[in-house]
Amino acid sequence: MRKLQLPLFVALVLTFSACKKEEQPKGNFSNSNLKSTANANAQLLSFSLNSWMSVVADQTSIAAISIPGTHDSGATQEQVAGTAKCQNLSITDQLNAGVRYLDIRCRHIDNAFAIHHGAIYQNLNFNDVLNACINFLNSHPTETIIMSVKEEHTPTNNTRSFEQTFDAYVQQNPVKWDLGNNIPTLGSIRGKIRLLRRFSGSSPKGIDATAWADNTTFDINNAATLKVQDFYNVNDVNTKWTKVETLLNEAKNDASNRLYLNYASGYKAGIFSIPSITTVSNFINPKINTFFTNNTHGKFGIIPLDFVDSGRSQLIINTNF
């Protein structure tokens with residue numbers, strides 16, 4: 001697959017504009033979403049972050065689960081520090097660390113998908129992402145992956161639409177996909193990838209998030225009801241944290257089947273308007289740790305993070321039990 005060749009300065013500008021192992025720590029969980037079986041205690045002693053959904057009841061709506069996620073899940077490469085990299089862990093390592101929401105950004109090129117963050121190719125293609133996800137689900141059939149798919153950067157040299165190329169990927173292994181457009185129960189999507197669609201489609205396909213608003217908090221109401229905080233262009237890190245914390249508390253107190261997506265990620269523009277991702281993550285991630293250390297039970301929605309690690313993921317997971 002061809003890689004984009006651009007001068008460094010142009011690549012940075014485009015990135016800025018587009019920014020709009022197996023063995024894991026054991027869980028110490030107890031409470032309402034646990035499977036109500038006589039051997040629940042034995043289950044608790046035996047599961048790890050790579051199988052934490054195994055002790056969540058089948059009938060639980062995914063809107064009632066606190067789910068660690070990653071923003072720009074495939075973005076591990078950058079040419080200038082702080083400008084494009086959003087994760088230290090590979091897709092496989094993210095899943096093993098308990099992440100169950102992936103934010104996948106695809107450049108449509110040569111009738112295939114290359115993983116990009118803005119102009120920056122991430123040395124990763126969509127088949128690499130899918131292989132990691134399917135291998136993980138085959139090894140951990142109690143789990144599910146909610147995958148946001150969004151078109152990124154400039155399409156090049158294609159003879160079909162983005163949707164048609166996506167459909168071709170699904171047809172490689174259709175049994176591993178769930179393209180329902182509602183908010184499902186966990187039991188109905190175990191072992192599968194549930195699509196959250198951020199690209200236009202000719203028919204219902206996955207949770208429809210195409211009405212994604214820019215740089216704000218907003219609602220989406222169709223077959224699935226969502227509330228999303230994606231304030232990514234951060235002029236003040238305290239304001240960003242207030243928006244994150246407000247939605248965490250709203251999710252906890254909402255008894256409806258609304259799915260909350262609360263992006264804890266963002267960038268702050270620096271000199272020459274060059275984005276700094278780490279300026280935001282270095283402030284927000286410790287706040288996330290503190291919040292979930294103090295709020296140990298409740299449903300807080302999906303929380304996509306930059307630079308996820310197993311410790312932060314576990315704090316979020318713990319609130320389910």
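Residues numbered from 1 in each chain as written. Predicted model: local features only at pLDDT ≥ 70, side-chain atom pairs only at ≥ 80, totals over all residues. Heavy atoms only, no water.

Engineer: Any details on the overall build of the chain? Residues and values, ideally.
Structural biologist: Helix and strand counts for the chain come out as 9 helices and 14 strands. By residue count, 55% of the 321 residues in the chain fall in the buried class. (Helix = DSSP H or I, 4+ residues; strand = E, 2+ residues; numbered from the N terminus. Buried < 20%, exposed > 50% of the residue type's maximum accessible area, 1.4 Å probe, protein only.)

Engineer: Describe the packing of helix H4 (residues 126–139) against helix H5 (residues 162–172), with residues and values.
Structural biologist: Following both chains from N to C, one finds H4 and H5 inclined at 35°, their axes separated by 12 Å at the closest point. In this structure, H4 meets H5 at a crossing whose hand is right-handed. Together, Phe 126, Asn 127 and Leu 130 of H4 and Phe 166, Tyr 169 and Gln 172 of H5 make up the contact between the two elements. Tallied by class, the residues present in the contact of H4 with H5 amount to 4 nonpolar, 2 polar and no charged. (Axes fitted to C-alpha atoms, helices over the stretch in contact; angles between N-to-C directions. Left-handed = near helix turned anticlockwise from the far one by under 90°. Contact = heavy atoms within 4.5 Å. Nonpolar A, V, L, I, M, F, W, Y, C, P; charged D, E, K, R; others polar.)

Engineer: Describe helix H8 (residues 277–294), listing the residues and the values that go with them.
Structural biologist: Counted at 1.5 Å a residue, the expected span for H8 with its 18 residues is 26 Å, and the 26 Å between its end C-alpha atoms agrees. Of all the positions in H8, only Ile 277, Val 280, Ser 281, Ile 284, Asn 285, Ile 288, Phe 291 and Phe 292 are classed as buried. Summarising the axial view, the buried residues of H8 lie within an arc of 125°, below the 170-degree limit, and thus occupy one face. Of the exposed residues in H8, those oriented more than 90 degrees away from the buried face are Asn 282 and Asn 294. At its buried positions, H8 is contacted by strand S3 (112–117), helix H7 (237–253), strand S12 (268–269), strand S13 (275–276), strand S14 (302–305) and helix H9 (310–318). (Expected span 1.5 Å × (residues − 1). Arc of directions from axis to C-beta.)

Engineer: Kindly report on the nonpolar core, identifying the contributing residues and their values.
Structural biologist: Phe 126 and Met 147 are the most contacted members of the largest nonpolar core, which has 46 residues in total. Here this core gets 8 residues from one element, more than from any other, and that element is H4. Apart from residues no more than four positions distant in its own chain, Met 147 is found in contact with Leu 102, Ile 104, Phe 126, Val 129, Leu 130, Cys 133, Trp 177, Ile 193, Arg 194, Leu 195 and Leu 196. The next biggest cluster of nonpolar side chains, apart from the first, holds 29 residues, and it includes Ala 63, Ile 207, Ile 220 and Tyr 263. (Core = buried A, V, L, I, M, F, W, Y, C linked by side-chain atoms within 4.5 Å.)

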